[in-house]
Each structure stands twice: as C-alpha cells, then as structure tokens.
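Here is what each chain is made of, one letter per residue.
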Amino acid sequence: MSDDAAVEAVAGTLLEQGLRNLWYPIAPSWQVGENPLGVTRLGDRIVVWRDRDGAVHALEDRCPHRGARLSLGWNLGDRLACWYHGVEIDAGGTVLDVPAVDSCPLTGKTAVRRYPCREVRGAIFAWFGDDLHQEPAELALPEQLTDDHYATMLCVATWGCNYRYAIDNVMDPMHGTYLHAQSHSMAQGNRRARLRVVPTETGFLCEKEDQRNVNFDWVEFGATGGHWMRLEIPYGKSAGPGGPFGIVGFVTPVDRETCQVYFWRVREVEGWQRDLWRFLYRTRLESLHWDVLEQDRLVLEAMAGDAREHELLYQHDTGLVRVRRFMGKEAERQAAALAGGGARAATAPAPDSGRPPVDEARIAGGAGSSARRQRFHPRPNGELEFNPWLAEPRGSKGDAATVEDFAEPLLYRWQNRARAPTDHESRLADELMATFAAGVHDLPGIARRLNESGLAGPGGGPWTAEAFSAAVRDLASP
Ligand code: FES
Ligand SMILES: [Fe+2]
C-alpha cells in the first residue's frame, strides 16, 4: 500500500469509528455507581469506575496480565482488582500489586491506558487522544451546559446505526416538519424551505432562510474540544412559562454499527418556574420527547448500513454536507499527522477486532451465558451482588431477547423519573398544562385555576400562590 493509500485508509477508519483528539460523553453519571462498568466507545473497550471519594476514572478495559476485562473485577476504592488472578491497577493505569506472587516485575509498571475524565451536568466525558495527543485539550461547552441560568435534563439513548447517521439527522432541520409532523412541538410552519449555512466562531449554523421560532428552524454545529450540536424549538403554550425548548446534543460512537446520543434538554428558566418545568417534564413532557426520539431512531436503524453511499442529496441537505466535509478534513489531518509522526493510529484494528466486542450490551444478550450470570457480581467477601447496570439495553438489534432485555430499556428510558407520578400529580400536571394553554402564567392566577378545578391543595386545603410555589419545589425532584 502506498503512503497516501495508507493515510487514506486510516482516515476512513477514523471517520467510521470516531474522530480522535476530542472529548466524548461515555456514560450518564447515574450509570456509574460502585461497580466498575465495562463499555465500548469508539471501538475501544473501557472500564469506568468511581473511587471511594466519588471521582470518576476510565481505563482501557484490559488487564495487563492476560487481558481479562477489568470491568469484571472489583472496585477496591482506590484501585481495581482483576477477577482472574487479582492484579491491582490504580486510576493512572499503574500496577500496584500482583498478589499471586511474592515479587513481580509488573508491579509499578504503567501498563494500562488511561482516559482522562470529566463529569458535567450528569454525564461523564472522556478524552480520546491518539498517540500524539495523550494529554487532553480544553473542553469548552456551550453556555447551556455551563451557565446556571439554564436548567438541563439529560437523556441518553443507544441507537443501532453508525454515529454519522445520528449527526446527519440533527444537522437536518427539515426532517422535523415531516418525520415529527405528528409531534407535540413540530407540527407548525412551512413544509418547504431553503436552508443556508452561516459560519460561526466555533463552527457553523444551518438555518431556514424564511422561518424562525416556528419549528426546528436552525441547528448549530460547534467544535470546541468536543463536537456538539444545539438547536431550539418553540415550546407550546401548555409547557408553561420560560424560554424555548433547547437541545444540546453529542453523539458518541460505540462501534461501527452502534452509537449513543446524549441530548441535554435545556430551558432558560429560574426560580419556581424552573421547578415547574422539572415537574411537567417528569410527569408529561419527557414522554412526548421520547416519542420524537423514537421516530428518529426507527428511521435511522431501518436505513441500510451503506445508505450514505447511494444518496441523491438536494438543497436542504446543506448542513450535513458541511459537517461531513469538516469531519472528513479532520480525519485526513489526524491520519496524516499520525503517519508523519510515525505513530500508531489509536484506531488501528486491535488483534481481536474480527470478533464482536463484548461490551455491556452484548453481555446482556446471551441468555444463560456466564457473562449474564456475572451480573451477580462476586464481592471479595464472597457475597453476590446484583449489578443491573453491567448491561445496557440494546434497542431493536438485541441478540437473544429475554424479559430482562425488555425490562432494562424501560428502566433506562425513564431515566429522569425515579418513580411513576401519583394520580394527584398527574391531575395537577394536566390542570397546569390547561392553565398555561389558557394563557394564565402568574402565581395567583394559577392558584385560582387550581381551586376552580376542585383539585385539593397541599394538606387538603386550598391553593395559594405561596402554597403552589412551595409544593412545586418538592414535586420537581424525581
Ligand atoms: S488476567 Fe488479570 S490478573 Fe490475570
Ligand atoms: Fe428528529
């Protein structure tokens, strides 16, 4: 293979499995508890765990001794211990102890790759540097994730498609009017538009020329240490007071055929109105948003794996054409730098890459397999501990479907809701949405409407402005 062809091949692999030298979200915070979690991201097997102080760490999920997955082992508070022969590794990837022998040259060696981590707004981000960029770049997130004026709720879903289809989907505002025509937020506006691309300081904007604040009318792509997208869709009146419904999205490749989407649902809203939004979100709005997301997932998962090779694009595809060009150039740049530096591409196929990765999802797939039994996790004291999050739901391409495979996605889906709403909460949510739809947004007006509805107030008494704002504070928490 000529040098150029080799660089091109590496660039192609980077594009297909995920560009390097970027931060990516790799798990929602709630998914990483005490037990080590094994995940596959960008084709890499990674173990994510929390030390006894709650700090998150990520390491290559491969024991330096004989390659057992460290995620099957134990979390000892300041280190992981491999289940196979007990080798202990610290958060920096250094072997601290080899308990099976008196003294071992492996002790003290840094033999496991570390992925620097950050935890932001309910998600764990990891740095995926190539061999020339092991130290992380700065991650500058959109203000919706850094400014306290914005309330956010994260949703994470695993989709059975290459990650580039998920990016294309968000960079394509026009699909809102068609695919989501029956949704709560995208039924309005022109069904025909011209789109244009406008450069920004950190990327570009793709917007409809003649329509704003009606439907999904613009989307922004930014490259600031991670690749993100953001958009806004006007909320209907029934969603109550506050700004429009915003989304900040990241897409993380899992393997060539699977990705994860991380969508922060954002609203600029404060005080009792923020509590109110959280309450309505938990009781009513989240399910509407999942309906929309499922429409996206169904279309993308049903597309042929090589659909991008047989396209006939037209004017409104300008946003995704632009992002593809940007990512293609970046892949070429990274591949050329690696070739020039004589470095190995971090995405070079691993020796066992012909086998499907045994990630958290596939572990769940094999009914009765030893991996499945491993969800009952042996602790050093001999007890078995159930670890429901060792596995992650698989969506529509699960292997052997079992009751557990169906139950887990349900748990996973309603991740902003720790419990089902009570009857009283459901009625309250309905009354409130009707109140806002009628244009009543002030506290005394809300209290009056609730009293007229006959719905009992806190402690069985009448609603007042104070009683409502206090009650909604409690109701906001999941
Ligand atoms: S493979 Fe991990 S200790 Fe042997
Ligand atoms: Fe969509």
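Definitions and limits used
Residues numbered from 1 in each chain as written. Chains lettered and ligands numbered in written order. Predicted model: local features only at pLDDT ≥ 70, side-chain atom pairs only at ≥ 80, totals over all residues. Helix = DSSP H or I, 4+ residues; strand = E, 2+ residues; numbered from the N terminus. Contact = placed C-beta atoms within 7 Å. Core = buried A, V, L, I, M, F, W, Y, C linked by C-beta atoms within 7 Å. Buried ≥ 20, exposed ≤ 12 C-beta atoms within 10 Å, placed from the backbone. Axes fitted to C-alpha atoms, helices over the stretch in contact; angles between N-to-C directions. Parallel < 35°, antiparallel > 145°, perpendicular 65-115°, else oblique. Left-handed = near helix turned anticlockwise from the far one by under 90°. Nonpolar A, V, L, I, M, F, W, Y, C, P; charged D, E, K, R; others polar. Pairing = 2+ DSSP bridges. pLDDT = per-residue confidence, 0-100.

1. Thoughts on the overall build of the protein
Assigned secondary structure in the protein consists of 11 helices and 20 strands. For the protein, the proportion of contacts with a sequence separation of at least 24, taken over those separated by at least 6, is 60%.

2. Some thoughts on the nonpolar core
Within the largest apolar cluster, 101 residues are counted, with the highest numbers of intra-cluster contacts made by Val-48, Ala-126 and Ala-166. Of the residues forming this core, the biggest block, 8 residues, is contributed by strand 12 (residues 150-159). Here Ala-166 is in contact with Trp-159, Cys-161, Val-251, Cys-259, Val-261 and Leu-300, once residues within four sequence places are set aside.

3. Let's talk about the packing of helix 1 (residues 3-17) against helix 5 (residues 318-340)
Interhelical geometry of helix 1 versus helix 5 gives an angle of 125° and a closest axis separation of 8 Å. Regarding the angle of helix 1 to helix 5, the classification is oblique. Seen along the crossing, helix 1 lies across helix 5 with a hand that is right-handed. In this structure, helix 1 contributes Asp-3, Ala-6, Val-7, Val-10, Ala-11, Leu-14 and Leu-15 to the contact, and helix 5 contributes Met-327, Gly-328, Ala-331, Glu-332, Gln-334, Ala-335, Ala-336, Leu-338 and Ala-339. Here the contact of helix 1 with helix 5 is composed, by residue class, of 12 nonpolar, 2 polar and 2 charged.

4. Brief notes about the environment of Cys-259
If you trace the backbone, Cys-259 turns up in strand 18 (residues 258-268). Note on Cys-259: 25 C-beta atoms within 10 Å, which makes it buried. Between the alpha carbons of Cys-259 and Asn-162 there is a distance of 6.1 Å; along the sequence they are 97 residues apart. Dropping the residues within four chain positions of it, Cys-259 is found in contact with Trp-159, Cys-161, Asn-162, Tyr-163, Ala-166, Val-251, Thr-252, Pro-253 and Val-254.

5. Focus: the environment of Gly-340
For Gly-340, the location among the structural elements is in helix 5. Overall, the presence of 11 C-beta atoms within 10 Å leaves Gly-340 in the exposed class. Distance in space between the C-alpha atoms of Gly-340 and Val-7 is 9.6 Å, their sequence separation being 333 residues.

6. Digging into the sheet that holds strand 7 (residues 88-90)
The 4 strands are arranged 5-6-7-8 in an open sheet whose pairing can be described as antiparallel. Unpaired on one side and paired on the other, strand 5 (74-75) and strand 8 (95-97) mark the two borders of the sheet. Strand direction decides the pairing type here: strand 6 (residues 79-81) and strand 7, joined by 3 bridges, are antiparallel. For Leu-80, the partnering residue across the bridge sits in strand 7 and is Ile-89.

7. So, the sheet that holds strand 10 (residues 117-120)
The antiparallel open sheet is built from 3 strands, whose spatial order is 1-11-10. Two strands lie at the open edges of the sheet, namely strand 1 (22-28) and strand 10, each paired on one side alone. Between one strand and the next, the sheet's axes are offset by a mean angle of 35°, whatever the strand orientation. As defined by bridge partners, strand 1 adjoins strand 11 (residues 123-128) across 6 bridges and the pair is classed as antiparallel.

8. Overview of the pairing of strand 11
In terms of residue burial, strand 11 counts as a mostly covered element, since 6 of its 6 residues are buried. Along strand 11, one buried face is formed by Ala-123, Phe-125 and Trp-127 and the opposite face, lined by Ile-124, Ala-126 and Phe-128, is buried too. Taking the residues between adjacent antiparallel strands as the criterion, strand 10 and strand 11 are bridged by 2 residues, where Arg-121 takes a positive phi near 45°.

9. As for the pairing of strand 10
Taken together, the 4 bridges between strand 10 and strand 11 define a ladder with antiparallel strand orientation. Bridge pairing links Cys-117 to Ala-126 in strand 11.

10. Notes on helix 2 (residues 163-170)
Of all 8 residues in helix 2, 7 are buried; the element is thus mostly enclosed. Inspection of helix 2 places Tyr-163, Tyr-165, Ala-166, Ile-167, Asp-168, Asn-169 and Val-170 among the buried residues, and these make up the whole buried set.

11. Some points on the confidence of the model for the protein
Taken as a whole, the protein shows an average pLDDT of 85; of its residues, 83% reach a score of 70 or greater. Low pLDDT, under 50, characterises residues 345-413; the stretch is placed with 91 contacts to residues that sit more than four places away or in other chains.

12. Describing unusual backbone geometry
Phi at Asn-21 is positive, roughly 60°, even though this residue is not glycine. Examined against the element boundaries, Asn-21 turns out to sit in the loop between helix 1 and strand 1. You will see that Arg-121, though not glycine, has its phi angle at about 45°, which is positive. Along the chain, Arg-121 turns up in the loop between strand 10 and strand 11.

13. Points about the environment of Ser-238
If you trace the backbone, Ser-238 turns up in the loop between strand 16 (227-233) and strand 17 (245-255). The spacing of Ser-238 and Gly-439 is 201 residues in sequence and 8.5 Å in space, taken between C-alpha atoms.

14. Details of the packing of helix 4 (residues 271-302) against helix 9 (residues 423-437)
Running from amino to carboxyl end, helix 4 crosses helix 9 at an angle of 110°, the nearest separation of the two axes being 10 Å. One element, helix 4, and the other, helix 9, form an angle in the roughly perpendicular class. In contact with Phe-279, Leu-280, Thr-283 and Arg-284 of helix 4, helix 9 contributes Glu-425, Ser-426, Ala-429, Leu-432 and Met-433. The residue inventory of the contact of helix 4 with helix 9, partitioned by class, reads 5 nonpolar, 2 polar and 2 charged.

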